[in-house]
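Listed below are the residues making up each chain.
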Amino acid sequence: MTTGRCSRLLSERLWPRTRRASNGCLEWLGGVNSQGRGVIGVRDNSRPNGIRMEQVHRAAWTLIYGLIPENVQILHHCDNPLCCEVVDIEHHCYTGDYRQNAEDRSVRGRHHMRIGLAVSREMVLDIRLRASSGELQNVIAKFYNLSPQNISRIVLRQTWQNV
Ligand SMILES: [Zn+2]
């Protein structure tokens, strides 16, 4: 697998070309496409030239959480198309599909509470089991409708330390 090497090279090309804005957005300073979205070349061996232009916030997401499943989009809470802040998913980039995006917009105010109440002891045990068997945290997050950040905290025992 060349994924590790590819990711490292991508991170070296991606993060240095960003700037932290005053509102917390991590803004892309590199090239943009015709829709004003930031783009960056990523390795893709299925392409004749071995490279494909990917949206920067999606590329940034894969660096932190791994590959994005087919039907999953990376959306912006901050509505800044150049933002690739993927760690602070409560305020910037987060995963979703079109339907979930609409739901999230309507319940955004209650979002935090919903996540806090949604986790049970059984879920914590299952989440850690899945993670230790190599399942990607963003896949687990989608399965449980939790944020990848929440999953990460559970796996790292930053939350639910007693379980
Ligand atoms: Zn942002």
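Residues numbered from 1 in each chain as written. Predicted model: local features only at pLDDT ≥ 70, side-chain atom pairs only at ≥ 80, totals over all residues.

J.: Could you clarify how one ought to interpret the overall build of the protein in this entry?
T.: Scanning the protein from N- to C-terminus turns up 7 helices and 6 strands. Ordered by position in the sequence, the α and β elements of the protein form the string α-β-β-β-β-α-β-β-α-α-α-α-α. A total of 163 residues make up the protein; the buried ones form 25% of that total. Here the analysis covers contacts within the protein between residues at least 6 apart in sequence; of these, 48% occur between residues at least 24 apart. (Helix = DSSP H or I, 4+ residues; strand = E, 2+ residues; numbered from the N terminus. Buried ≥ 20, exposed ≤ 12 C-beta atoms within 10 Å, placed from the backbone. Contact = placed C-beta atoms within 7 Å.)

J.: Sorry, what's going on with the packing of helix α6 (residues 137-144) against helix α7 (residues 148-155) here?
T.: The axes of two packed helices give the description: the angle between them and the distance between them. Running from amino to carboxyl end, α6 crosses α7 at an angle of 110°, the nearest separation of the two axes being 8 Å. Judged on the interaxial angle alone, α7 and α6 are roughly perpendicular. Judged by the twist between their axes, the crossing of α6 over α7 is right-handed. Between α6, through Gln 137, Asn 138, Ile 140 and Ala 141, and α7, the contact on the second element is made entirely by Pro 148, Ile 151, Ser 152 and Val 155. When the residues that make up the contact of α6 with α7 are grouped by side-chain class, the tally is 5 nonpolar, 3 polar and no charged. (Axes fitted to C-alpha atoms, helices over the stretch in contact; angles between N-to-C directions. Parallel < 35°, antiparallel > 145°, perpendicular 65-115°, else oblique. Left-handed = near helix turned anticlockwise from the far one by under 90°. Nonpolar A, V, L, I, M, F, W, Y, C, P; charged D, E, K, R; others polar.)

J.: Looking at this structure, I do not really get helix α5 (residues 121-132). What am I missing?
T.: Residues three or four positions apart in an α-helix share a direction because the helix packs 3.6 residues into each turn. For α5, which comprises 12 residues, the first-to-last C-alpha distance of 17 Å matches the rise-based estimate of 16 Å (1.5 Å per residue) to within 8%. Just downstream of α5 lies Gly 134, where phi reads positive at about 100°. (Expected span 1.5 Å × (residues − 1).)

In short, geometric facts, not functional conclusions.
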